[in-house]
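Summary of the model geometry
Each chain, written out:
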Amino acid sequence: MPDISRSQALWERARKHLAGGVSSNIRLQEQPAPLYFSHGQGSRLFDVDGNEYIDYVAAYGPLILGHSHPELVAAVQRQVELGQTYGGQHAIEVEVAEKLCKLVPAMDVVRFCGSGSEANHALFRLARAFTGRTKIIRFEGHYHGWLDDQLVSDHPTSVEEAGALPFPRPVLGSKGQLPHAAGETLVLPWNDLVAFQQLIAREGATVAAVITEPIMCNGGFILPKPGFLEGLREICTREGILLIFDEVITGFRADLHGAQGLLGVTPDLTTLGKAVANGFPLSVFGGRRDAMELVGNGVMHGGTYNGNPITLAAANATLDVLSRNDGAVYAHIRAVGLNLMQGISEAAREAGQAVLTQGIGPVFFAWFTDRQSLSSFRDNWDCDEDKYAAFQGKLIGHGVRTIPSGRWYVSAAHTDEDVQQTVAAVARALRET
Ligand SMILES: Cc1ncc(COP(=O)(O)O)c(C=O)c1O
């Protein structure tokens, strides 16, 4: 491990006055300890001790263009001189709304807010107002945010806790959640259309919305089975249920038109976050005009910082770069990501380690497992999480920063040379794990 004494000193100080020493619980998992960073440039991140890392955390997803893309920096600098926030309207929010409605198939109308959790919360409320029903169907292993009625069954750890399939019990994710926080939530295994049909036959008339990550990116990386999303779409339409795609990760990462564009299934409503402003705190909810018309007309949605011009300037620049030449940048991100997955697999074979990678390039997962593929959330339970966390700790010692759970994010700034260096670091880290 390189010298991280300055990081360690800050970590000691942080724990005295910052709750848990961090600003988001997930950062506590980083091995050997949360590091402190001074700056980022392109694919690289630098810590306060002067160590350089190839960064695949990408701020947990947003950095689709990498750190400090020059066009984004210039747009933000221009805007910051013109004021920080107006608590009022401005032209950039109209421009960004127009661009989003052109790029994302479901979007007729959008609203801006600050985090993915908030955006999903707004859609739960909107769906209930629109349908006059209360229940939300969601899928085990999908994450939709940390708020009370969202943090349900996102990461159950055993059959004892979550019950048998195909109808698992809702599992709350935090101490302090209201005991009935999951009272309006119905949980299903993802990719199981038969279970979905059975539940709808029983409960359909009470269901306001179905929310799903269109590609499972949280509880491992799993693609929808052929016909699954199409089946949800057809049944929701028939039953008057709103279909929500949570594209907080996949939006502007899986494709310029989101996972919905890539997979050819259009939901009624969608949330976006993370990549949409390449690191600035923007989330978006939107979709069908007849539903979205209720926002501002009976359905309350507010927020002091919503639509602030600096964040929107960042989104505007990000969308311009991503859209250039019809989204040509995605071919690069996919190719680099797929090469990296292949390089990791080969390094593992050579090291005699059972490592599986699964993904589409811009986002993928790696696990220590003998499985040839993962096809359901519960397959995660027999992967070796502790070994992966130890591997992540070794990798950082070799100049590669990754997420402890096994997810990797690749950006437009990553290069073939980054991949070569990363694969060499992976080979060294595997020998030490
Ligand atoms: C699919 C998905 N939805 C929603 C969220 C919540 O977004 P935020 O952390 O911005 O509240 C996340 C966060 O990782 C996510 O991955």
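Residues numbered from 1 in each chain as written. Predicted model: local features only at pLDDT ≥ 70, side-chain atom pairs only at ≥ 80, totals over all residues. Heavy atoms only, no water.

1. What to know about the overall build of the protein chain
Under the convention used in this document: Counting from the N terminus, the helices are DSSP H or I runs at least four residues long and the strands are E runs at least two residues long. Within these notes, the globule rule equals 2.2 Å times the number of residues to the 0.38 power, and the radius of gyration is based on C-alpha atoms. Accessible area is worked out with a 1.4 Å probe on protein chains only. A residue is then buried under 20% of its type maximum, exposed over 50%, and partly exposed in between. Here, residues are in contact when the closest pair of their heavy atoms is within 4.5 Å. The Shrake-Rupley method, run with a 1.4 Å probe sphere, supplies the accessible areas, and residue values consider only the shown protein chains as cover. For the purpose of charge, His is not counted, nor are the chain termini; Lys and Arg are scored as positive and Asp and Glu as negative. For this purpose, a charge sits on NZ of Lys, CZ of Arg, CG of Asp or CD of Glu.
Scanning the protein chain from terminus to terminus reveals 13 helices and 14 strands. For 433 residues, the compact-globule estimate of 2.2 N^0.38 gives 22 Å, and the protein chain sits close to it at 21 Å. Seen along its three principal axes, the alpha-carbon backbone of the protein chain occupies a region of about 60 × 55 × 45 Å. For the protein chain, with 433 residues in total, the buried portion stands at 56%. If you take every contact in the protein chain between residues at least 6 apart in sequence, the share linking residues at least 24 apart comes to 71%. Accessible area for the protein chain stands at about 18,200 Å²; split by element, carbon and sulfur atoms hold 52% of it. Of note, the protein chain has its 36 positive side-chain charges centred 3 Å away from the centre of its 47 negative side-chain charges.

2. Concerning the pattern of salt bridges
Rule in force here: Salt bridge criterion: a side-chain nitrogen from Lys or Arg within 4 Å of a carboxyl oxygen from Asp or Glu.
Counted by the stated rule, this structure contains 18 salt bridges. In this structure, arginine 238 engages glutamate 239 in a salt bridge whose closest nitrogen and oxygen atoms are separated by 3.1 Å. Where arginine 334 meets aspartate 255, a salt bridge forms, and the shortest distance between an N and an O atom there is 3.0 Å. With arginine 334 in helix H11 (residues 329-351) and aspartate 255 in the loop between strand E8 (242-247) and helix H8 (258-263), this pair connects stretches of sequence that are 79 residues apart. The class for arginine 334 is partly exposed, based on a relative accessible area of 26%. The exposure class assigned to aspartate 255 is buried, which follows from its relative accessible area of 13%.

3. Comments concerning the domain arrangement of the protein chain
Quite often, the size of an interface is put as the accessible area lost when its parts meet. Under the convention used in this document: Note: domain ranges come from an automatic or database domain assignment. Summed over both partners, the accessible area (1.4 Å probe) lost when two parts come together is defined as the buried area.
Segmenting the protein chain into domains produces domain 1 (5-68 + 329-432) and domain 2 (70-325). One C-alpha centre belongs to domain 1, the other to domain 2, and the line joining them spans 25 Å. On the domain 2 side, the residues contacting the 31 residues of domain 1 number 39 residues. The junction of domain 1 with domain 2 conceals about 2,700 Å² of combined surface from both sides, 60% of it contributed by carbon and sulfur atoms. It is Tyr330, Phe377 and Arg378 that lose the most area in domain 1 upon contact with domain 2, and together they represent 26% of the buried surface on that side. Here domain 1 is connected to domain 2 by 2 salt bridges.

4. Quick word on the packing of H11 against helix H13 (residues 416-432)
We apply this condition: Structural elements are reduced to axes, namely lines fitted to C-alpha atoms, with helices fitted over the stretch in contact, and the angle between N-to-C directions of any two is expressed from 0 to 180 degrees. Orientation is classified from the angle alone, with under 35 degrees giving roughly parallel, over 145 giving roughly antiparallel, 65 to 115 giving roughly perpendicular, and any other angle giving oblique. For a crossing to be left-handed, the near helix must be turned anticlockwise from the far one by less than a right angle; the clockwise case is right-handed. For this scheme, ten residues count as nonpolar: Ala, Val, Leu, Ile, Met, Phe, Trp, Tyr, Cys and Pro. Four count as charged, namely Asp, Glu, Lys and Arg, and the remainder, Gly too, count as polar.
The N-to-C vectors of H11 and H13 enclose an angle of 25°; their axes lie 9 Å apart at closest approach. Between H11 and H13, the interaxial angle falls into the category roughly parallel. Of the two possible hands of crossing, H11 and H13 adopt the one that is right-handed. Where H11 approaches H13, its residues Val336, Asn339, Leu340, Gly343, Ile344, Ala347, Ala348 and Ala351 are matched on the opposing element by Asp416, Val419, Thr422, Val423, Val426, Ala427 and Leu430. When grouped by side-chain class, the residues that make up the contact of H11 with H13 number 11 nonpolar, 3 polar and 1 charged.

5. Concerning the sheet that holds strand E6 (residues 185-188)
Just so we agree on the cut-off: Strands pair, by our definition, only if DSSP identifies at least two bridges between them.
Pairing within the open sheet is mixed, and its 7 strands lie in the order E4-E10-E9-E8-E7-E5-E6. The sheet terminates laterally at strand E4 (109-113) and E6, the two strands that pair on one side only. Here the average twist between neighbouring strands, direction ignored, is 20°. As judged from the 5 bridges shared by E4 and strand E10 (residues 283-287), these two strands associate in the antiparallel manner.

6. Focus on helix H4 (residues 116-131)
In plain terms, the rule: Given a helix with a known number of residues, its expected span is that number minus one, times 1.5 Å.
The first and last C-alpha atoms of H4 sit 22 Å apart over 16 residues, in line with the 22 Å expected at 1.5 Å per residue. Turning to H4, its buried residues are Gly116, Ser117, Ala119, Asn120, Ala122, Leu123, Phe124, Leu126 and Ala127. Backbone geometry just after H4 places glycine 132 at a positive phi near 75°.

7. Thoughts on the sheet that holds strand E14 (residues 407-409)
Spatially, E11-E12-E14 is the arrangement adopted by the 3 strands of the open sheet, whose pairing is antiparallel. With partners counted over all chains shown, the strands left at the sheet margins are strand E11 (355-359) and E14, one partner each. Neighbour-to-neighbour, the strand axes of the sheet open up by a mean angle of 25°, direction not taken into account. In the sheet, strand E12 (residues 363-368) pairs with E14 via 3 bridges, with the strands oriented antiparallel. Pairing of phenylalanine 364 across the sheet is with tryptophan 408, part of E14. Strands in contact with H11 are E11, E12 and E14; relative to E11, the strand with the most contacts, it is inclined by about 170°.

8. Focus on the site of the ligand
Threshold: A single heavy atom is enough: if one lies within 4 Å of a molecule or strand, its residue is considered near that molecule or strand. Think of a polar contact as two N or O atoms within 3.5 Å of one another; within protein, one of them needs to be a possible hydrogen donor and the other a possible acceptor, and neighboring residues in sequence only count if both atoms come from side chains.
Looking at the ligand, there are 13 residues lining it, with Gly116, Ser117, Asn218, Asp246 and Lys274 nearest. Taking asparagine 218, its side chain carries an N or O atom lying 3.0 Å from an oxygen atom of the ligand. Contacts to the ligand include aspartate 246, whose side-chain N or O atom sits 2.6 Å from a nitrogen atom. Protein chains bury 83% of the 390 Å² of accessible surface belonging to the ligand in isolation. Broken down by element, the shell around the ligand gets its largest block of residues, 3 residues, from H4.

9. Some details on the pairing of strand E7 (residues 207-212)
The condition is simple: For a crossover, the right-handed case is the one in which the path from the first strand over the helix to the second runs clockwise, viewed with the strands pointing away from the viewer.
Across the 6 residues that make up E7, a large majority, 6, are buried. Alignment of strand E5 (residues 135-139) against E7, held across 3 bridges, turns out to be parallel. The residue bridging lysine 135 from the neighbouring strand is valine 207, located in E7. Sheet analysis places E7 next to E8, joined by 4 bridges and oriented parallel. Paired with valine 210 across the two strands is leucine 243, which belongs to E8. For the crossover that starts at E7, traverses helix H7 (residues 228-239) and ends in the parallel E8, the hand is right-handed.

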